[in-house]
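# Breakdown of the fold
The residues making up each chain are set out below.
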Amino acid sequence: MTNPSAPPQPNPVLSAYESFVRDTPLITRYTLTSQFVTWFLSFFVNPVNAISNIPLFTILHFELYRIITSPIVCTSLLSLIFAFISFTTHGKTLEQSLGSAAFGTLILTLSLLTNILYLVFAFTMYFITSSQICLIMPCSGIWIILLGLIAIECSCAPADSKRKLFVVEVPTLYYPLALLGLFTLFGGINFSYVISVGVGYAYGRNKLDFLKVNQNKLNRWEESGCLRNFAGRQGWVKGMAALGGSAWDNLPGGSGSAGGGGSGDGWSPTSFFQGQRTGQSGNDGGGASAASGGGPGEVSKPKDPAAPTFPSGGGRSLGGTTRRGAHPSSETRAAMLEAASRRAQMAEEGRAD
């Protein structure tokens, strides 16, 4: 018999959700929650027809909202599981590293540009072939963001680094193409995925710098602009409080320990977001290029001194695990405080100008 005076057992589902809300930054949490909501609604309506980017409806019916809503479409349980596996820790760490505003701007840029280029491609094929099939093929799903992120990360890989795709090692620079080929093998060619990978490579190679938003402007948006209401919500990571490279300190170092990959050279796709570690000297920080001795794939320093500092750790694989219970060292805490002070000073100078 149960003791009537004992407190009731907590609801495990509610406890898991509260833990998810508490530990997951806002943009990552909203992205994953939208995936679950559209998957649940798919039992009653077809979200592909309702909110995905179908050229016939987006342009000819002027339903332009589809360009924004298409990445949140999820219609299968398997897609939902892979979305949570691939995006939870990866998105969480990127958001803590860059800040919520910068991370949200990044994924929004990838999504919008992929969708717009897909519309251009679809209508070009329609005028060439006169086939209306080109206008009804949808562009949707979180993979149009994930593939772009992976391509960004791998675009600056050292030439001699390799990464495992199941049991096959492929050069890291071509890892997104190998992943795209795998998707094509099992599900047929999806031109929106091809465009997403192309956009990621262009972004990683600094061909789309004109689309990047200055960090000082993002800080102003957080303080008194369009992001002011979001900046006060639970889980929002302000730009001046972003951890930079320190966000990766609790992740296993090196691609081999991240559960997926590489040849043990300490590099993984997340090395695009490396660069100088926050608060460390040039002799200590090096990112992907320093670890590999320079050469092709060198990660350039940010041109904007107010831009967020990217981590220089070994990175991790999509869907990898973190070390539970790890705490930053005193040097890391000092580096974080120094970085926050430096960002605050640069923000004050930006406002004074």
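Please refer to the structure placed before this passage.
Before going into details, it helps to say that this report is about the structure given with it. Model, not experiment: these values are computed from the prediction.

## Concerning the packing of aromatic side chains
- According to the stated counting rule, one finds 11 aromatic pairs in the structure shown.
- Ring plane angle 65 degrees and centroid distance 5.6 Å describe the contact between Phe40 and Phe44, whose orientation is recorded as edge-to-face.
- Residue classification places Phe40 among the partly exposed residues on the basis of a relative accessible area of 42%.
- Its guanidinium or amino end placed over the ring of Tyr175, Arg163 lies 4.9 Å from that ring's centre, counting from NZ or CZ.

## Observations concerning the nonpolar core
- Within the largest apolar cluster, 45 residues are counted, with the highest numbers of intra-cluster contacts made by Phe87, Phe103, Leu106, Trp143, Leu149 and Trp236.
- Those elements that place two or more of their residues in this core are helix 1 (12–23), helix 2 (26–41), helix 6 (77–98), helix 7 (100–129), helix 9 (143–154), helix 10 (175–187) and helix 11 (191–204).
- Looking at which element gives the most residues to this core, the answer is helix 9, with 10 residues.
- Once residues lying within four places of it in the same chain are set aside, the contact partners of Trp143 are Ser86, Ile150, Phe183, Tyr193 and Ser196.

## Points about the pairing of strand 2 (residues 168–171)
- As paired strands, strand 1 (residues 162–165) and strand 2 are joined by 4 bridges and run antiparallel to one another. Across the sheet, the residue bridging to Lys162 is Pro171, located in strand 2.
- In this antiparallel pair of consecutive strands, strand 1 and strand 2, the connection spans 2 residues, and Phe166 shows a positive phi of 60 degrees.

About the cut-offs
- Residues numbered from 1 in each chain as written.
- Predicted model: local features only at pLDDT ≥ 70, side-chain atom pairs only at ≥ 80, totals over all residues.
- Heavy atoms only, no water.
- Phe/Tyr/Trp six-rings, centres within 6.5 Å; stacked < 30°, edge-to-face > 60°.
- Buried < 20%, exposed > 50% of the residue type's maximum accessible area, 1.4 Å probe, protein only.
- Lys NZ or Arg CZ within 6 Å of the ring centre and 35° of its normal.
- Core = buried A, V, L, I, M, F, W, Y, C linked by side-chain atoms within 4.5 Å.
- Helix = DSSP H or I, 4+ residues; strand = E, 2+ residues; numbered from the N terminus.
- Contact = heavy atoms within 4.5 Å.
- Pairing = 2+ DSSP bridges.

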